[in-house]
Amino acid sequence: MENDTIAAVATPPGTGGVAVIRISGPEARAVLEKVFPSASAAHGQMTYGGIRRGGELLDTAMAVFFYGPRSYTGEDTAELHCHGSAVGVQRVLEFVYECGARPAQPGEFTRRAFVNGKMDLSQAEAVCDFISASSREGARASLGQLAGNLKERVLSYQELLTDALARVEAAVEYPEEDLEDEVAEDILPLLAEWKAGLLALAQTYRAGQIAKDGLRVAIAGKPNVGKSSLLNALCGMERAIVANVPGTTRDTIEQSIELDGIRIYLTDTAGIRSTNDEIEKQGVKRSENAINESKLSVFVLDGSGEITDEDRFVMRALKKSEADLFIVLNKLDACERLSEKDVEREFGAAPLRVSAKTGAGVGELKRRLTDYARQDRTAGEILVTNERHVFALKSAAHAIGEAEDALRGGMDMDCVTIDLNAAWRSLGEITGKTVSEEIIDRIFTKFCLGK
Ligand SMILES: Nc1nc2c(c(=O)[nH]1)N(C=O)[C@@H](CNc1ccc(C(=O)N[C@@H](CCC(=O)O)C(=O)O)cc1)CN2
Ligand SMILES: Nc1nc2c(ncn2[C@@H]2O[C@H](COP(=O)(O)OP(=O)(O)OP(=O)(O)O)[C@@H](O)[C@H]2O)c(=O)[nH]1
Ligand SMILES: [Mg+2]
């Protein structure tokens, strides 16, 4: 399976300007010559010509050939740049299969690039993330990883660990030289530094996850405080129905916006209150679900009224969830009955004053949302966006901590060696050096076809 020749359409299905078929493997050149006889023999040179099966013209296209290892996959690779006709591309693809290629599995081109050492596992994962990025920040984070920022950082830690291991092993090997104390003294501060660095990197995951997957924000509050109006103000359109009738919003309403490069999934919810109305009850249940699925809740209060038991009821529901909380005091354009102090006294946090009606304060709310999304950014420009990587970084930091304890406790130097090796192996899970075939399978089956 590893060494046959694969083919797939690399561009999205359907109608387009141009569609690209990629062919990779030892027979790629032979396949290309059958499908596109006028192909140039020169590396990377695109030529124009006809694709004919028997006497029949299937397309007039362009083709290019890359000799391995100077290609994306590291193998011989051909590309056919066809007209973006769904039917035309299908016919050319069938012809390519007849000429000796087989259909590629999802992610198989990139898997070959990984197997052939063209990229490490973190870069291969970044290819998938970059393609599916839903915001500028998500695209930036995955492109950094694709360019190798995480890989380089991990490799440099592995190099440091290897140096430390060499010193520890020398102390073990030449006990007569009494190197142990000196090695311990030299290495201990380094271990602390590496552990902190790895943990700081792991901590970028919160911001990384938001960059990659966006931030889910629920807009919650009792009926008629202006939640739907706030949703509309945040997304700049009349997305939800607004009316001066408590219970206007019956179902949750979702709208995503991009704020300063970050994808934000806003959910406007039905006003939460205890009710006997069957439909409203279901709406309230959905509101509670939306809050539980969000990382952040915006709790809306009506500044033209008083704090009521209904507000307290909502606050209790919010407190039960794990979501962080912003309090917003709405209707600041109307006569003011509630001050920021009142809210702080009641709910323990100062609110942001806005008017969903005039838009006052909405810019500041947006700013606070993006600040919230960006907090925890350290460790330079690298953003860890993958739980698997976080786990590996934390495991490595933990093993380094064990090595520290062993050194400090005057334990056998062999224990230190074991711990440092464990740290090295944990880091190798990120680059793919020390990862099981099952995990690699799982990663690549998530890819789209043709990548
Ligand atoms: N036409 C086309 N465009 C594409 C791709 C592709 O496969 N085909 N890519 C696919 O995702 C991305 C570009 N990524 C690529 C990465 C490496 C190589 C490559 O040939 N690398 C060789 C040679 C480098 C060189 O000549 O300097 C190498 O690494 O040895 C090609 C594309 C996006 N655009
Ligand atoms: N003066 C003023 N009125 C507002 C403001 N925001 C909302 N309103 C009014 O308050 C009423 C309720 O607004 P909605 O946005 O429908 O309130 P809601 O919280 O979504 O209500 P439910 O869906 O019933 O829970 C409407 O008449 C709005 O025009 C504001 O900032 N100032
Ligand atoms: Mg509403």
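Just so you know, these numbers come straight off a predicted model, no measurement behind them.

K.L.:
How would you explain the site of ligand 1 if you had to name every residue and give the values?
P.N.:
Surveying the vicinity of ligand 1 reveals the residues F66, P69, R70, S71, Y72, E79 and K118. Residues belonging to the shell around ligand 1 are distributed by class as follows: three nonpolar, one polar and three charged.

K.L.:
So what's going on with the sheet that holds strand β11 (residues 324–330)? Which residues, and what values?
P.N.:
The mixed open sheet is built from six strands, whose spatial order is β8-β9-β7-β10-β11-β12. Two strands close off the open sheet at either side, each with one partner strand: β8 (253–259) and β12 (352–353). Here β8 runs beside strand β9 (residues 262–268); their pairing, made up of seven bridges, is antiparallel. Considered in β9, the bridge of I257 is made with I264. Against the sheet, helix α11 (residues 309–320) makes contact with β7 (215–220), β10 (296–302) and β11, and its axis sits at roughly 175 degrees relative to β10, the strand it touches most. Sitting on the sheet, helix α12 (residues 340–347) touches β10, β11 and β12, and the angle it makes with β11 is about 145 degrees.

K.L.:
Account for the site of ligand 2, with residues named and values stated.
P.N.:
In the region of ligand 2, 24 residues are neighbours, and G226, S228, N244, T249 and G271 sit closest. Sorting elements by how many residues they give to the shell around ligand 2 places helix α9 (residues 227–235) first, with three residues.

K.L.:
Pulling in residues and values, what's your account of the packing of helix α6 (residues 149–173) against helix α7 (residues 180–203)?
P.N.:
Taken N-terminus to C-terminus, the directions of α6 and α7 make an angle of 160 degrees; their axes are 11 Å apart at the nearest point. Here α6 lies roughly antiparallel to α7, going by the angle between them. The two elements α6 and α7 cross, and the hand of that crossing is left-handed. Contacts between α6 and α7 involve R153, Y157, L160, A164, R167, V168 and A171 from the former and E180, V183, I187, L190, W194, L198 and L201 from the latter. A breakdown of the residues in the contact of α6 with α7 according to their chemical character gives eleven nonpolar, no polar and three charged.

K.L.:
Outline α11, listing residues and values.
P.N.:
With twelve residues, α11 should cover 16 Å at 1.5 Å per step; its first-to-last C-alpha distance of 17 Å lies within 8% of that length. All of the buried residues along α11 are D311, V314, M315 and L318. The buried side chains of α11 occupy one side of the element, clustering within an arc of 105 degrees when seen end-on. What points out from α11, more than 90 degrees from its buried face, is the exposed set D309, R312, R316 and K320.

K.L.:
Before we move on, could you go through the nonpolar core and cite the residues and values that matter?
P.N.:
Where a protein is soluble and globular, its nonpolar side chains tend to be buried together. The biggest cluster of nonpolar side chains holds 120 residues, and the ones touching the most others in it are I21, L32, V92, V96, A220 and F299. Ranked by the residues each element gives to this core, the list is headed by helix α14 (residues 387–408), at ten residues. Here L32 is in contact with I23, A39, A63, F65 and A78, once residues within four sequence places are set aside.

K.L.:
Go over the sheet that holds strand β6 (residues 102–103) with me, naming the residues and quoting the values.
P.N.:
Spatially, β3-β4-β5-β2-β1-β6 is the arrangement adopted by the six strands of the open sheet, whose pairing is mixed. The open sheet terminates on both sides in strands that have one partner only, identified here as β3 (47–53) and β6. Where strand β1 (residues 6–9) and strand β2 (residues 16–24) come together, four bridges link them in antiparallel fashion. Considered in β2, the bridge of V9 is made with I21.

K.L.:
So what's going on with the UniProt feature "domain: TrmE-type G" (unreviewed entry) in the protein? Residues and values would help.
P.N.:
According to UniProt, the feature "domain: TrmE-type G" (unreviewed entry) maps to residues 214–374 in the numbering used here. Helix makes up 35% of residues 214–374 and strand 22%, with an end-to-end C-alpha separation of 11 Å.

K.L.:
How would you explain α14 if you had to name every residue and give the values?
P.N.:
The end-to-end C-alpha distance of α14 is 31 Å, a good match for the 32 Å that 22 residues give at a rise of 1.5 Å each. Every buried residue belonging to α14 is among H389, V390, A392, L393, A396, A397, A399, I400, A403, E404, A406 and L407, and all of these are buried. Of the surrounding elements, those touching the buried residues of α14 are α4 (121–131), α6, α7, α8 (205–213) and α15 (413–431). Looking at the residues trailing α14, positive phi occurs at G410, about 65 degrees.

K.L.:
Please provide a residue-by-residue account of the packing of helix α5 (residues 136–146) against α8, values included.
P.N.:
Relative to each other, α5 and α8 sit at 115 degrees, their axes nearing to 6 Å. When you trace α5 past α8, the crossing you get is left-handed. In this structure, α5 contributes E137, G138 and A141 to the contact, and α8 contributes G208, A211 and K212. Grouping the constituent residues of the contact of α5 with α8 by class yields two nonpolar, two polar and two charged.

K.L.:
Residue-level account of the UniProt feature "binding site: (6S)-5-formyl-5,6,7,8-tetrahydrofolate" (unreviewed entry) in the protein, with values.
P.N.:
Per the UniProt record, the feature "binding site: (6S)-5-formyl-5,6,7,8-tetrahydrofolate" (unreviewed entry) sits at R22, E79, K118 and K451. Within the secondary structure layout, E79 lies in strand β5 (residues 77–84). Setting aside residues up to four positions removed in sequence, E79 forms contacts with V20, I21, R22, A63 and V64. Setting aside its immediate chain neighbours within four residues, K118 contacts Y72, T73, G74 and A113.

Cut-off values and rules
- Residues numbered from 1 in each chain as written.
- Chains lettered and ligands numbered in written order.
- Predicted model: local features only at pLDDT ≥ 70, side-chain atom pairs only at ≥ 80, totals over all residues.
- Near = placed C-beta within 6 Å.
- Nonpolar A, V, L, I, M, F, W, Y, C, P; charged D, E, K, R; others polar.
- Pairing = 2+ DSSP bridges.
- Helix = DSSP H or I, 4+ residues; strand = E, 2+ residues; numbered from the N terminus.
- Contact = placed C-beta atoms within 7 Å.
- Axes fitted to C-alpha atoms, helices over the stretch in contact; angles between N-to-C directions.
- Parallel < 35°, antiparallel > 145°, perpendicular 65-115°, else oblique.
- Left-handed = near helix turned anticlockwise from the far one by under 90°.
- Expected span 1.5 Å × (residues − 1).
- Buried ≥ 20, exposed ≤ 12 C-beta atoms within 10 Å, placed from the backbone.
- Arc of directions from axis to C-beta.
- Core = buried A, V, L, I, M, F, W, Y, C linked by C-beta atoms within 7 Å.
- UniProt positions renumbered as here; feature names shortened; annotations may be inferred.

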